[in-house]
Amino acid sequence: MEPLTDEEQAILKRAAFGAVLLVSNAEPGAFSMIKESIAASNTFAGTTGLVRESLTTGALPHFPAGTDVPAAVLPALRRAMEILRSKAPDEAARYRSAVLDAAEEVARAHDGVSPNEAAMIDGIRAALDSAA
């Protein structure tokens with residue numbers, strides 16, 4: 001396994017938290033956002049290895065107002081998988097699983113998975129798989 005640069009770790013983190021944001025925004029609500037944040041944090045904290053280190057250390061990523069989140073996040077997910085497949089192939093499946101698990105936990109955190117959330121999860125899955 002080749003060490004990741006700080007920039008590469010930031011891409012992994014931004015993409016993962018961005019995926020959570022996409023699902024959360026698919027069915028917005030102030031109260032549900034708190035439950036969703038906890039669900040995502042617990043999922044990321046439950047990972048191991050390089051994935052855990054990348055997702056649980058340092059500052060949370062920030063998406064400035066006006067950011068087209070899907071346009072920023074979906075390519076970042078593809079790039080994150082490319083980085084892992086190239087530098088840490090044993091971590092790629094773990095990252096994919098962590099991102100999808102967190103997205104699904106966020107969707108289930110408040111009143112079950114809505115059609116909008118399911119569609120967003122499908123888009124996240126496609127982005128993660130398109131880097132193959």
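A.B. asks: Explain the overall build of the chain to me, please; I cannot follow it from the model alone.
C.D. replies: A count of helical and extended segments in the chain gives 6 helices and 0 strands. Beginning at the N terminus, the succession of helices and strands in the chain can be written as α-α-α-α-α-α. Taking 132 residues into account, the globule formula puts the C-alpha radius of gyration at 14 Å, and the chain, at 14 Å, falls close to it. In terms of overall dimensions, the chain has C-alpha extents of about 40 × 25 × 25 Å along its principal axes. Buried residues in the chain amount to 41% of all 132 residues. Here the analysis covers contacts within the chain between residues at least 6 apart in sequence; of these, 83% occur between residues at least 24 apart. Carbon and sulfur atoms make up 55% of the accessible area of the chain, which totals about 6,700 Å². Of the side chains in the chain, 12 bear a positive and 18 a negative charge, and the two mean positions are spaced by 2 Å.

A.B. asks: What should I look at first to understand the pattern of salt bridges in this one?
C.D. replies: Opposite charge on two side chains allows them to pair when their charged atoms are near. Evaluated as defined, the whole model comprises 8 salt bridges. For lysine 87, the salt bridge identified is with glutamate 8, shortest N-O distance 2.7 Å. Here the residue lysine 87 occupies a position in helix H4 (residues 69-87), and glutamate 8 occupies one in helix H1 (residues 6-26), the gap between them amounting to 79 residues. The burial state of lysine 87 is the same as that of glutamate 8; both residues are buried. Residue aspartate 122 pairs with arginine 125 through a salt bridge whose shortest N-O separation is 3.2 Å. Here aspartate 122 and its partner arginine 125 are both found in helix H6 (residues 115-130), 3 residues apart, which amounts to about one turn of the helix.

A.B. asks: It is not clear to me how helix H3 (residues 49-56) should be interpreted in this structure. Could you clarify?
C.D. replies: Since there are 3.6 residues in each turn of an α-helix, residues three or four apart along the chain are aligned in direction. What H3 keeps buried is the set Leu50, Val51, Ser54 and Leu55. Buried residues of H3, seen end-on, are gathered within an arc of 120° and therefore sit on one face of the element. At the exit of H3 stands glycine 58, carrying a positive phi of roughly 80°.

A.B. asks: Before we go on, may I ask you to explain the packing of H1 against H4 in this structure?
C.D. replies: In helix packing, the relevant descriptors are the interaxial angle and the interaxial distance, both defined with respect to the helix axes. At their nearest, the axes of H1 and H4 sit 8 Å apart, and the two run at 135° to each other. The orientation of H1 relative to H4 falls into the category oblique. H4 is crossed by H1, and the crossing has left-handed handedness. On the side of H1, the interface is formed by Glu8, Ile11, Leu12, Arg14, Ala15, Ala16, Gly18, Ala19, Leu21 and Leu22, while H4 contributes Val69, Pro70, Ala72, Val73, Leu74, Ala76, Leu77, Arg79, Ala80, Ile83, Leu84 and Lys87. Here the contact of H1 with H4 is built from residues that sort into 17 nonpolar, 1 polar and 4 charged.

A.B. asks: Could you clarify how one ought to interpret the packing of H1 against H3 in this entry?
C.D. replies: Where H1 contacts H3, the axes come no closer than 8 Å and their chain directions differ by 75°. Regarding the angle of H1 to H3, the classification is roughly perpendicular. Contact residues: H1 offers Gln9, Leu12, Lys13, Ala16 and Phe17, while H3 offers Leu50, Glu53, Ser54, Leu55 and Thr56. Here the residues of the contact of H1 with H3 sort into 5 nonpolar, 3 polar and 2 charged.

Parameters and conventions
- Residues numbered from 1 in each chain as written.
- Predicted model: local features only at pLDDT ≥ 70, side-chain atom pairs only at ≥ 80, totals over all residues.
- Heavy atoms only, no water.
- Helix = DSSP H or I, 4+ residues; strand = E, 2+ residues; numbered from the N terminus.
- Rg over C-alpha atoms; globule rule 2.2 N^0.38 Å.
- Buried < 20%, exposed > 50% of the residue type's maximum accessible area, 1.4 Å probe, protein only.
- Contact = heavy atoms within 4.5 Å.
- Areas by Shrake-Rupley, 256 points an atom, 1.4 Å probe, with all protein chains shown as cover.
- Lys, Arg positive; Asp, Glu negative; His and termini not counted.
- Charge placed at Lys NZ, Arg CZ, Asp CG, Glu CD.
- Salt bridge = Lys/Arg side-chain N within 4 Å of Asp/Glu carboxyl O.
- Arc of directions from axis to C-beta.
- Axes fitted to C-alpha atoms, helices over the stretch in contact; angles between N-to-C directions.
- Parallel < 35°, antiparallel > 145°, perpendicular 65-115°, else oblique.
- Left-handed = near helix turned anticlockwise from the far one by under 90°.
- Nonpolar A, V, L, I, M, F, W, Y, C, P; charged D, E, K, R; others polar.

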